Structures are given as C-alpha cells and as structure tokens.
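Examination of the molecular architecture
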Amino acid sequence: MNNKYLSIIGLEIHVELKTASKMFCSCKNDPFHAPKPNIYTCPVCLGLPGALPVPNKKAVEWTVMLGLTLGCEIPLESKFDRKNYFYPDLPKGYQISQYDQPLCKNGKLDIKSGKLSNHQIIQSSNYPIEKTIRINRVHLEEDTAKLIHQNNQTLIDFNRSGVPLVEIVTEPDLRSGEEAKLFLQKLHQIIRYLGISDANMEKGSMRLEPNISVYKVPEVNKVYKEEIDLPNYKVEVKNINSFNFVKKAIEYEVDRQIKLLDEGITPKQETRGWDEKKGLTLPQRSKEEAHDYRYFPEPDIPPITWAKSQITDVKSQIPELPNVKLSRFIKDYGLPLWGAERLTENREIAEYFEAGLKINDLRFKNNNIKAKDLANWLLNKKIDISKVPPEELIKQISTAKIVVQVDEKELDKIIKLVLNNNPKAVTDYKSGKTGVIMFLVGMTMKQLKGRGDAQVIREMLEREMGN
Ligand code: ZN
Ligand code: MN
C-alpha cells in the first residue's frame, strides 16, 4: 500500500440540559426519574395541532454560556427553525431546531494529551497531541420522545419529548480516534463544570456522533488544505454512548474506508451504527442532505435578540473553569501537575479540597496540615467524598499526623504510667473482661491531651499487657 491517507473527523454532540422545565412548555424536565411513562406531557410536547411553543429562557442562557465558554461569537440575533422529517418519536412532523442563525458560532477548544503512561497503548504516531479544534456552532433544539421496543411492539414515552437539547458541531479538524476521545473528555468536563447537564452517556443525556471520511493525499509533498480538498463523502456513526466506543468506531471506519479507497472505490455517504459486541459499524441508511429537511423559520417563535449587556451578564455567571483552576491549584497550593489534574477533574472534588483547606484554616490552625497533606490523603487513600465530609477528613488527618509527632518513648512512658495507675482495670482485662481496654485507651488519650491515634494506643496497651 503506497497511498498516503489522512482521516478527516468531525463530531456532533447532543446534550440534554437539566433545566427544571422543558424547552417549549412548562412540563417537568426529568424523564429519568419519572415514575411512569407519559406523565410529563401537555399539548405542546405531545405535538398537538395549534399548541404554541414558548422558549425556555434558562435553556437559551445556558446554551449561550456554553458557547461563550467555548470561545464562540454570540450573534445579537438568532432564530428557531423547523427541521422537517417523519419519525414516530416526533409527532409534529418537525423538530424545532436552529438552522442558519444559531445561538453561538465559530468557537474553539484546545485539546492536549497528558503524559504517556506505560499501560497506555498509543496508536497514533504523532503523540503527544496538542491542538485547537474549531467549533462550527452550538445551537439549541428539542429532544424527541423515546421509543421502547419490546415484545414485537414499539411503545412511545413522551416524558423526554421537548427536553432542551444542545447540539455542538465541530469542524472536521480531528485526525484520530484518540483526538476525538480527548476532545469529548474535555467537553464533557466543561459541561459538568458549568452545571448545565448531567452529561450522562449511559442514560443518553450526552450522545456522540462522529463523522468520518478519509482523504487520499495525491502527492507526497502536497499539503492538505481544508476547504479545497475535503472528501466528497462522509460517513456518520450515530448515537454512540461512550468515549471509548467513539474512538473504536473511528478507528474501524478509517480502516474500512482506506481498504475501499485502495481498491479505487469511494465509500458511500451514509449513516452507520456501532455494534459494540462485534466491534464494527453497520450501515443504517443513506445520509440525508440538509435540503431534505426543508428547513424554514419557526413561525410561532419570534427571533431572539440580545443586548450586549445581557450577554455580559451570562458571561459573568461562568464559574472558574478546569484549566484556570488547575493552574491556580499548582500556583497557590504548590501541588504537582498530576495531583492538581486529579483534584480539578470535576468540580465536586475541587470544591471538597478547598472546603477542607478552609475548615483547617478556620478551626484547626495549629494542626499544621498543609495543602499537600490533604491532597495526598484525598488521592492516595481514595477517600469517598460523598461519604466523608471534609471536616471529618481534616480530623482524621490531624489525628494521624499527631501520632507521628508523639515521640514513641514518650508514648511508651505514658502507657506504663496509665497501667500503673489503674491496676484494677489491668486485672479485669487479664481475667477476660477485654472491654475495659477502651477505658485504658481513654485514660492514655487524656494524658496525651487528645493527641494520638486510638487504634495505635490500643495496640500498644494490648502488647504491654501481654496479649
Ligand atoms: Zn409539555
Ligand atoms: Mn440535532
């Protein structure tokens, strides 16, 4: 095989926003916890004729917030359009979406691979990855109802119908499955930081669709140019629910398409599905073009217009983002890169860490717990932050640290003293009333003025009394 190929990969990502109500009606937006199908419905989200949609302000603001975070321009005017197609999960016969005037456009996201670890198998030859992926647009639309196939029947649940759905579309700047995975992980992290979606792939609140084509480089030294040389076909792989599957599906597709191109065949423009069990993609339908949808402006919703101050206001609501937090953790707390990375992986652990430091500063000033100590405990001991509150963890660390600080000889002396002063307890213990040990631990702790680890003291007492 002498041909040189370049894989051209773009991504489309759908994310369900976790607003309290749906996109165009006031029905509850909580399809995953609904006790029964079809209870969060009304004429609007059931698609009944004549029902009037009213856009959800929060959903619009959150979409713009995401767009701003991704460096997008926010046009001062945008609008909703009807995307016409027929499917049983879409009773109106069209989806309210955005066509030529999306809420956000022309953004970018930088991706960067971490250091190579031994267990990582890297297929791409140009590692480490560090590049900018352009984002074409971020727009807002509505989710469809959910089809449930069982016992040769198909049932429809409208609880999901009309849930606000953000669509993020990248330019075809990605060149490998690994790059796509990195991009998606970064995007997922940002969405979770913003707190606008659970972005849970198993539940389908974040859905991933790579589109893949392969460019045959005609001459050895010819430089690839996006606009001129984009392949004249593309294969879209629908609704994948994990980053690893996206990576695998892309790698499979690139191989499949290269084989065809080597035989002189141009791959078909089509939509395919990823079969995880077989590890391959299968054709689903030939890919439609935009004009098949006959987009036209949604007549029931006036265009959205922004005053610049409103956009500034949305911008001010963006929380500290992972990259900024990462640098700050390194600078302020002297953490190593790997530790700072893990402590800023998600907002929950970052906030837990800083809450712990604050409690330490306010109430345990003399404990001498440094940011690094807390970081080490959190990460090395794999603390379950949903179960151990930060205050509790700070206490644990200070207790453990003091054990180290108490001189062993001093501790030994105190234990002998406690045993001498409490002969009855010792006799009781030796005659089998072992419960009395806790009394002796307590007496020792008292001598240590609260310093010391109960478990260590208990073991020393037992050893001393010949057990
Ligand atoms: Zn409704
Ligand atoms: Mn869409």
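Here, the structure is the one placed above.
To start, this report covers the structure provided alongside it. (Residues numbered from 1 in each chain as written. Chains lettered and ligands numbered in written order. Predicted model: local features only at pLDDT ≥ 70, side-chain atom pairs only at ≥ 80, totals over all residues. Heavy atoms only, no water.)

**Here's the deal with the coordination of the manganese ion (ligand 2)**
- His14 (NE2), Glu141 (OE) and Glu167 (OE) make up the full set of protein donors to the manganese ion (ligand 2), lying at 2.0 to 2.2 Å.
- In the primary sequence, the donor residues of the manganese ion (ligand 2) line up as H-x126-E-x25-E. Pair noted here: histidine 14 is in strand β1 (residues 4-16) and glutamate 167 is in strand β9 (residues 164-170), with a separation of 153 residues, a long-range link. You'll find histidine 14 and glutamate 167 in the same group, each marked buried. (Donors = N, O, S within 2.8 Å, 3.2 Å for Na, K, Ca; no water. Helix = DSSP H or I, 4+ residues; strand = E, 2+ residues; numbered from the N terminus. Buried < 20%, exposed > 50% of the residue type's maximum accessible area, 1.4 Å probe, protein only.)

**Some details on the sheet that holds strand β3 (residues 81-84)**
- Within the open sheet, the three strands sit side by side as β4-β3-β14. Their pairing is antiparallel. Where the open sheet ends on each side, the last strands, each with one partner, are β4 (94-97) and β14 (296-297).
- Here β3 pairs with β4 via four bridges, running antiparallel. For asparagine 84, the partnering residue across the bridge sits in β4 and is tyrosine 94. (Pairing = 2+ DSSP bridges.)

**Here's the deal with helix α1 (residues 57-69)**
- Between the first and last C-alpha of α1 there are 18 Å, a value that for 13 residues agrees with the 18 Å anticipated at 1.5 Å per step.
- Most of α1 sits out of view: eleven of its 13 residues are buried.
- Next to the buried residues of α1 lie β5 (104-112), β6 (130-142), β9, α2 (177-194), β15 (304-305) and α5 (308-316).
- Two to three positions downstream of the cap, the backbone nitrogen of lysine 58 sits 3.0 Å from a side-chain oxygen, assigning the N-cap of α1 to asparagine 56. (Expected span 1.5 Å × (residues − 1). Contact = heavy atoms within 4.5 Å. Polar contact = N/O pair within 3.5 Å; in protein donor to acceptor, adjacent residues only side chain to side chain.)

**Here we look at the environment of proline 267**
- Position of proline 267 relative to the elements: it lies in the loop between α4 (243-262) and β12 (270-275).
- Judged by its relative accessible area of 3%, proline 267 falls in the buried class.

**A word on the packing of helix α6 (residues 322-333) against helix α8 (residues 347-363)**
- One way to put it is that α6 packs onto α8 with a least axis distance of 12 Å and a crossing angle of 25 degrees. What the angle tells us is that α6 and α8 run roughly parallel. In terms of crossing hand, the pair formed by α6 and α8 is left-handed. For the pair α6 and α8, contact is made by Lys325, Arg328, Phe329 and Tyr333 and by Ala350, Phe353, Glu354 and Leu357, respectively.
- Of the residues that constitute the contact of α6 with α8, the class distribution is five nonpolar, no polar and three charged. (Axes fitted to C-alpha atoms, helices over the stretch in contact; angles between N-to-C directions. Parallel < 35°, antiparallel > 145°, perpendicular 65-115°, else oblique. Left-handed = near helix turned anticlockwise from the far one by under 90°. Nonpolar A, V, L, I, M, F, W, Y, C, P; charged D, E, K, R; others polar.)

**Structural notes on the packing of aromatic side chains**
- For the coordinates displayed, the defined rule picks out seven aromatic pairs.
- For the ring pair tyrosine 85 and tyrosine 293, a centre distance of 6.0 Å and an interplane angle of 65 degrees mean the geometry is edge-to-face. Placement of tyrosine 85 in the loop between β3 and β4 and of tyrosine 293 in the loop between β13 (280-286) and β14 is noted, with a sequence separation of 208 residues between them.
- Residues tyrosine 293 and tyrosine 295 carry aromatic rings whose centres are separated by 5.9 Å and whose planes lie at 70 degrees to one another, so their mutual orientation is edge-to-face. (Phe/Tyr/Trp six-rings, centres within 6.5 Å; stacked < 30°, edge-to-face > 60°.)

Geometric descriptors of this kind do not, in isolation, establish any biological role.
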